[in-house]
Amino acid sequence: MSKKTSSPASPPSAIWGGRFAAGPTELMQQINASIDVDRRLYAQDIAGSKAHCKMLVRQGIISKSDGDAILDGLQKVLEEIEDGRFPFSRSLEDIHMNVEARLSELVGEPAGRLHTARSRNDQVATDFRLWVREALDRLDRDLVRLQAVLIDQAERHADAVMPGFTHLQTAQPVTLGHHLLAYVEMYGRDRGRAADCRRRLAECPLGAAALAGTSFPIDPHSTARDLGFERPCANSMDAVSDRDFALEYLGVAAIVGVHLSRQAEEIVLWCSDGFSFMRLPDSFSTGSSIMPQKRNPDAAELVRSKAGRLIGALNALLVVMKGLPLTYSKDMQEDKQPVFEAADTLALAIPAMAGMMEGAEFDRERLRQAAGRGHPTATDLADWLVRVLGLPFRRAHHVTGRLVRKAEARGCGLEALSVEEMQAEETGITDAVYGVLGIDNSVRSRKSPGGTAPENVHRAVADARRRFLKRPPGD
């Protein structure tokens, strides 16, 4: 009795199936296909194919007539995808094979020459670098917009006194403008990290082929130039096997997410009844399905939560890559989804933060009242004892601590204590001490570089515009 064989779910692939007598099962097709994810690389894939085709013609590897047919066909494929007319097929696995199969239908035999001197390995590495490069540029543009909003608000509130916190306890009075500029600096460093990542991915993998290079007389320098890279990758094995550029992008994204989450947390706190420091515009607030009075800072809460997705995306790709031997393994097909999801998350979260902060209204009087609670000028008093009376700082610290305890017992601020009450703790204290005890005096005195004094804030606003927005103040 002859042994029965099961029929394949589909015929062997027309592109790589020559080695196989039977096609993959339906389950194998499902786990192997990446077209549902990597179809987003279509523009980069076609751009890379055009550059590769032009190089093949220049080097005499394929004829000009075949090259012209390929370029014309690739342009038609691009137009079909952008018009929504392209028939994506999961049986063709990925964006590269989908494009190549359609190209073959359009131009016939010349399409089969396009893959000369390249592999899907160097092809996808190139496509992915191109996509991440564009994602970094979008990230920079969005962060510039957010910085501009924060700088404008900082200028508006350069002299608005508010409590500065440590441990979420009132520490020292600062200005709202100074507080907002702290985030401008954080996002500026995020942009610097993105720029560093962009510089490091400026090497083109095309020409590495599967892993060992190619015997064809290619010109990878010209291909790199055509695609906007600075140079080809120096090592063919490294070119196809590492995704550190994607990991670095996700690292940048995760840090941006943490900065956004910290600012969003402050928005949630500041909009609460306990603080009432600020009010979000209606366009970034929501209501309750049961409590008519509610006005919820949901946009801020959602931005706060996005950090989890961004950190998770970085973790996911780190785990995928951590144990892979050189060079390419199919595990690396999982590299794109976390990057795409991170980019989508940032594309929502950063503009949402900019929108919230642009329309935010701050209660300057409420901020000022809060700045006066909790003896925020105690450090100013200790500094005065050192500066004027020459006390060692540790002794001044203890004297001030005793005066704080005395003020708390009376239920008043330090500035309400009499000179005689202060002299009971330190005989050298004079009426001049009152010049440092008011919150306005405290803020104005913080003129050290990077300090919170209003005149400092105005200078910092102008400097931030020059450094981050590339425009002079007032433009």
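Heads up: the structure comes first, above all this text.
Residues numbered from 1 in each chain as written. Predicted model: local features only at pLDDT ≥ 70, side-chain atom pairs only at ≥ 80, totals over all residues. Heavy atoms only, no water.

Participant: Please clarify how the overall build of the protein chain should be interpreted in this entry.
Facilitator: Tallying secondary structure elements over the protein chain gives 18 helices and six strands in all. Taken over the C-alpha trace, the protein chain has a radius of gyration of 31 Å; the compact-globule value for 475 residues is 23 Å, which it surpasses by more than 25%. Each principal axis of the C-alpha atoms in the protein chain carries an extent, and together these give about 110 × 55 × 45 Å. Within the protein chain, buried positions represent 47% of all 475 residues. Expressed as a percentage of contacts within the protein chain between residues at least 6 apart in sequence, the contacts between residues at least 24 apart total 73%. Surface accessibility of the protein chain: about 23,000 Å² in total, with carbon and sulfur atoms responsible for 51%. Across the protein chain, the centroid of the 61 positively charged side chains sits 2 Å from that of the 64 negatively charged ones. (Helix = DSSP H or I, 4+ residues; strand = E, 2+ residues; numbered from the N terminus. Rg over C-alpha atoms; globule rule 2.2 N^0.38 Å. Buried < 20%, exposed > 50% of the residue type's maximum accessible area, 1.4 Å probe, protein only. Contact = heavy atoms within 4.5 Å. Areas by Shrake-Rupley, 256 points an atom, 1.4 Å probe, with all protein chains shown as cover. Lys, Arg positive; Asp, Glu negative; His and termini not counted. Charge placed at Lys NZ, Arg CZ, Asp CG, Glu CD.)

Participant: Explanation requested: helix H14 (residues 378–389) in the structure shown.
Facilitator: Each α-helix turn comprises 3.6 residues. Residues three or four places apart therefore point the same way. Helix length check: H14 (twelve residues) gives 16 Å between terminal C-alpha atoms against 16 Å at 1.5 Å per residue, within 8%. Among all positions in H14, only Ala 378, Asp 380, Leu 381, Ala 382, Trp 384 and Leu 385 are buried. Each element contacted by the buried residues of H14 is listed here: helix H15 (393–410) and helix H17 (439–445). Following H14 by one or two positions, Gly 390 adopts a phi angle in the positive range, close to 75 degrees. (Expected span 1.5 Å × (residues − 1).)

Participant: So what exactly am I meant to see when it comes to the pairing of strand S2 (residues 169–175) here?
Facilitator: The side chains of a regular strand alternate between both faces of the sheet. As defined by bridge partners, strand S1 (residues 161–166) adjoins S2 across six bridges and the pair is classed as antiparallel. Within S2, the position partnered with Val 161 by the bridge is Thr 175. Hairpin connection between S1 and S2: a loop of two residues separates the two successive antiparallel strands, and His 167 in this loop has a positive phi of roughly 60 degrees. (Pairing = 2+ DSSP bridges.)

Participant: Looking at this structure, how should I read a nonpolar patch on the surface?
Facilitator: Judged by side-chain polarity, Leu 211, Met 237 and Leu 326 come together as a nonpolar surface patch covering roughly 280 Å² of accessible area. Positionally, Met 237 belongs in helix H9 (residues 236–241). Residue class for Met 237 comes out partly exposed when judged on its relative accessible area of 35%. (Patch = residues over 30% accessible without salt bridge, like charges linked within 9 Å, V, L, I, M, F, W, Y side chains within 5 Å. Salt bridge = Lys/Arg side-chain N within 4 Å of Asp/Glu carboxyl O.)

Participant: I would appreciate a short explanation of the nonpolar core in the present structure.
Facilitator: A general tendency of soluble globular proteins is for nonpolar side chains to be buried together. One finds Val 132, Tyr 249, Leu 260, Leu 346, Met 353 and Met 357 to be the most contacted residues of the largest nonpolar core, which totals 96 residues. The leading source of residues in this core is helix H10 (residues 244–271), at 14 residues. The next biggest cluster of nonpolar side chains, apart from the first, holds 19 residues, and it includes Ala 378, Leu 403, Val 404 and Leu 437. (Core = buried A, V, L, I, M, F, W, Y, C linked by side-chain atoms within 4.5 Å.)

Participant: What's the story with unusual backbone geometry in this structure? I'm lost.
Facilitator: In most cases, non-glycine residues show a negative phi, while peptide bonds are predominantly trans. For the bond running from Leu 326 to Thr 327, omega is 5 degrees, close enough to zero to count as cis. In this structure, His 167 is a non-glycine residue whose phi angle is positive, near 60 degrees.

Participant: What exactly am I supposed to notice about the packing of aromatic side chains here?
Facilitator: For any two aromatic rings, the description comes down to two numbers: the centre-to-centre distance and the angle of the planes. Scanning all chains against the criterion turns up eight aromatic pairs. Centroid distance Phe 128 to Phe 245: 5.5 Å. Interplanar angle 75 degrees. Geometry classified as edge-to-face. In this pair, Phe 128 is assigned in helix H6 (residues 120–156) and Phe 245 in helix H10, connecting sequence segments 117 residues apart. Assigned by exposure class, Phe 128 and Phe 245 land together as buried. Of the aromatic side chains, those joined through ring pairs into one cluster are Phe 128, Trp 131, Phe 245 and Phe 340. Above the face of the Phe 340 ring, Arg 40 is positioned so that its terminal group lies 4.8 Å from the ring centre. (Phe/Tyr/Trp six-rings, centres within 6.5 Å; stacked < 30°, edge-to-face > 60°. Lys NZ or Arg CZ within 6 Å of the ring centre and 35° of its normal.)

Participant: Got a minute to help me understand the environment of Phe 468 in this structure?
Facilitator: One can find Phe 468 in helix H18 (residues 454–469). Separated by 33 residues in sequence, Phe 468 and Gly 435 place their C-alpha atoms 37 Å apart.

Participant: What exactly am I supposed to notice about the packing of H10 against helix H12 (residues 336–359) here?
Facilitator: In a packed pair of helices, the relevant descriptors are the angle between the two axes and the axis-to-axis distance. For the pair H10 and H12, the least separation of the axes is 10 Å and the interaxial angle reads 30 degrees. The angle between H10 and H12 falls in the class roughly parallel. Crossing of H10 over H12 shows left-handed handedness. Seen from H10, the contacting residues are Ala 246, Tyr 249, Leu 250, Ala 253, Val 256, Leu 260, Gln 263, Ala 264 and Ile 267; seen from H12, they are Pro 338, Val 339, Ala 342, Ala 343, Leu 346, Ala 349, Ile 350, Met 353, Met 356 and Met 357. Residue composition of the contact of H10 with H12, grouped by class: 18 nonpolar, one polar and no charged. (Axes fitted to C-alpha atoms, helices over the stretch in contact; angles between N-to-C directions. Parallel < 35°, antiparallel > 145°, perpendicular 65-115°, else oblique. Left-handed = near helix turned anticlockwise from the far one by under 90°. Nonpolar A, V, L, I, M, F, W, Y, C, P; charged D, E, K, R; others polar.)

Participant: Help me understand the packing of H10 against helix H11 (residues 298–321), please; the structure alone is not making it clear to me.
Facilitator: Across the interface, H10 lies against H11 with an axial gap of 7 Å and an inter-helix angle of 160 degrees. The pairing of H10 with H11 is recorded here as roughly antiparallel in orientation. The element H10 and its partner H11 pack so that their crossing is left-handed. Tallied by class, residues from the contact of H10 with H11 come to 19 nonpolar, three polar and three charged.

Any functional reading would require information beyond the geometric quantities listed.
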